[in-house]
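# Report on the structure
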Amino acid sequence: GAARQAQTNFQNSPFCERMESLCADINLYNPKEKFDVLACNPPYYNNSPKTSSFARDKARLTETLSLNQLIEATCRLLSDDGRLSVVLPSDTADDFVHQCWLAGLHLQQRIWIRTKAEKPRKRVVLNLGRLEGSVEDCELALMTAEGTRTKAYQTLIENYFVK
């Protein structure tokens, strides 16, 4: 279902020529060509109780894809100058970055996400690749104190919403 929804979104996007949705097990997938970009919002809950929804549990619990499996698959699927962009809870970032480093993937950019500027960091977007270099660190607040989207967030997402 998620792959079908993604494909529909891709078809309605101005970037449709550059995107493809594929429903496959990343642990088994063996493409003819390596990828320049892998983007992932992986399951990251290790010890959460299961819900009554199989689909929700599959998307949230690491039973179906551990972060180590994601790293292994990334090393296999990523082109030499490719990039993995992954969204994780802020408190898991350091461990994930360390595990990636052990596998030969290096942090290139880290975007800390806050719901509001005065709230704690909730999520982080990590951009990693095989190339070493300096790390760009930045923060993004999604909402203003009044509850509307911040200008930075609105600018970031405006090209990705289907009109």
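Description of the structure in this document. In this text, all values refer to a predicted model and were calculated from it rather than measured experimentally. (Residues numbered from 1 in each chain as written. Predicted model: local features only at pLDDT ≥ 70, side-chain atom pairs only at ≥ 80, totals over all residues. Heavy atoms only, no water.)

### Structural notes on helix α3 (residues 67–77)
- Buried within α3 are the following residues: L67, L70, I71, A73, T74 and L77. Angularly, the buried residues of α3 cover 165° about the axis, an arc narrow enough to put them on a single face.
- Lining the buried residues of α3 we find β1 (35–40), β2 (78–89) and α4 (93–102). (Buried < 20%, exposed > 50% of the residue type's maximum accessible area, 1.4 Å probe, protein only. Helix = DSSP H or I, 4+ residues; strand = E, 2+ residues; numbered from the N terminus. Arc of directions from axis to C-beta. Contact = heavy atoms within 4.5 Å.)

### Describing the packing of aromatic side chains
- Applying the stated criterion to the full structure yields one aromatic pair.
- Judged by centre distance (6.3 Å) and plane angle (35°), the rings of Y29 and F35 are tilted.
- Look at F35 and you get partly exposed, because its relative accessible area is 29%.
- Over the ring of W112 we find R121, and its NZ or CZ is 4.3 Å from the ring centre. (Phe/Tyr/Trp six-rings, centres within 6.5 Å; stacked < 30°, edge-to-face > 60°. Lys NZ or Arg CZ within 6 Å of the ring centre and 35° of its normal.)

### Details of the side chain of R110
- Turning to its location among the elements, R110 is positioned in strand β3 (residues 106–116).
- Residue R110 is classed as buried on the basis of its relative accessible area of 15%.
- For R110, the side chain forms a polar contact with the side chain of D137, separated by 2.8 Å.
- When neighbours within four sequence positions are excluded, R110 is seen to be in contact with V124, V125, L126, V135, E136, D137 and C138. (Polar contact = N/O pair within 3.5 Å; in protein donor to acceptor, adjacent residues only side chain to side chain.)

### As for the pattern of salt bridges
- As enumerated under the stated definition, the model contains three salt bridges in all.
- R110 serves as the salt-bridge partner of D137, at 2.8 Å between the closest nitrogen and oxygen. Remark: R110 occurs in strand β3 and D137 occurs in strand β5 (residues 136–143); sequence separation between them is 27 residues.
- One continuous salt-bridge network, built from bridges that share partners, spans R114, R121 and E139. (Salt bridge = Lys/Arg side-chain N within 4 Å of Asp/Glu carboxyl O.)

Nothing here speaks to function; it is all geometry.
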